[in-house]
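Structure at a glance
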Amino acid sequence: MSKAPVVRARNLLVGYGGDPVCAPVTFTLAPGRVLALVGANGSGKSTVLRAVLGLLDPAGGTVEAFGRPVDERETGFRKRVASVLDDDAYFPALTVAEHLYLTARGHGVRDADDVVAQALDDFGLTEHGTSLPVALSSGQRRRLLLAAGFVRPRGLLVLDEPEQRLDLSMRSRLAERLVEERAAGGSVLLATHDPVLLRAVADRAVLIADDECRLLSAEDAAAAIAPGVL
Ligand SMILES: Nc1ncnc2c1ncn2[C@@H]1O[C@H](COP(=O)(O)OP(=O)(O)OP(=O)(O)O)[C@@H](O)[C@H]1O
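First, a word on what this report is: a plain description of the structure on this page.

Reading the values: the criteria
Residues numbered from 1 in each chain as written. Predicted model: local features only at pLDDT ≥ 70, side-chain atom pairs only at ≥ 80, totals over all residues. Helix = DSSP H or I, 4+ residues; strand = E, 2+ residues; numbered from the N terminus. Rg over C-alpha atoms; globule rule 2.2 N^0.38 Å. Contact = placed C-beta atoms within 7 Å. Buried ≥ 20, exposed ≤ 12 C-beta atoms within 10 Å, placed from the backbone. Arc of directions from axis to C-beta. Pairing = 2+ DSSP bridges. Axes fitted to C-alpha atoms, helices over the stretch in contact; angles between N-to-C directions. Core = buried A, V, L, I, M, F, W, Y, C linked by C-beta atoms within 7 Å.

**Topic: the overall build of the chain**
A count of helical and extended segments in the chain gives eight helices and twelve strands. Against the globule reference of 17 Å for 230 residues, the chain gives a C-alpha radius of gyration of 17 Å, in line with a compact fold. Principal-axis analysis of the C-alpha atoms gives the chain an extent of 50 × 40 × 35 Å. If you take every contact in the chain between residues at least 6 apart in sequence, the share linking residues at least 24 apart comes to 66%.

**Considerations on helix H3 (residues 96–106)**
Of all the positions in H3, only Val-96, Ala-97, His-99, Leu-100, Thr-103 and Ala-104 are classed as buried. Buried residues of H3, seen end-on, are gathered within an arc of 160° and therefore sit on one face of the element. Residues of H3 that are buried make contact with helix H4 (112–122) and helix H5 (138–150). Positive backbone phi, at 80°, marks Gly-108, one or two positions downstream of H3.

**Focus on the sheet that holds strand S10 (residues 187–191)**
A sheet is described by the order of its strands in space; here six strands give the open sequence S8-S9-S10-S5-S11-S12, paired in mixed fashion. Unpaired on one side and paired on the other, strand S8 (81–84) and strand S12 (214–217) mark the two borders of the sheet. With strand direction ignored, the average angle separating the axes of adjacent strands in the sheet is 20°. In this fold H5 packs onto S8 and strand S9 (156–160), with an angle of close to 175° to the strand it touches most, S8.

**Observations concerning the nonpolar core**
One recurring pattern in soluble globular proteins: nonpolar side chains tend to sit buried together. In terms of nonpolar packing, the biggest core is built from 67 residues, with Ala-36, Val-52, Leu-100, Ala-147, Leu-189 and Ala-205 touching the most fellow members. Here this core takes six residues from H5, the largest share from any one element.

Spatial relationships are all this shows, so hold off on functional conclusions.
What follows is the structure, given as structure tokens:
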């Protein structure tokens, strides 16, 4: 397995309208590793993720994915990068299963039936396969968006607070799924406020802040975001 970084950010400065939202951030993410971004509300985690996904130009520094400057217009980039952000992006007229088939087949998955059935099961959606998004609870809609990230091929999975709106049992299933992802050689970059998820899946973390963005062990990062600390 190639150990070249999947993501390399060097003094990456992110912000809006020329104003940085946090200190420059430097990290690498290797194949088969999970890196978490932690920090207070508004510290800049989602903004860093947007820059890694090419949805926002860096205000300074560089960010590369698979050895090339990030460019989400490149087919090769979009083929290898799956993301689930903090938005409810779904088609109102498609059922849960149809969403997953569309995503899988759109990305050329041959055994889409098996892959979709597995994702429905993993995310507790089997009995909602024929439901439209409007008929789902907010947590079930979140599961649908997460499931869509897992039915397509990927080398990098980017997740923005994937624990949001999930009950504890689904958080633990998500953690198992991410551990499997890592074991299969996939890389995951996630923003999270959940110390339990962080401890279960992350190898390292970056604490995003105004004055300095620091690389921490997963354990130190989990302690830093424990209740009463941040
Ligand atoms: N589209 C935007 N235009 C201008 N400012 C923005 C925009 N999106 C976010 N911000 C600001 O950028 C800062 C960082 O926001 P960001 O969403 O990256 O934080 P976060 O660490 O992900 O927070 P949370 O934990 O609440 O999700 C905040 O001060 C926010 O108000």
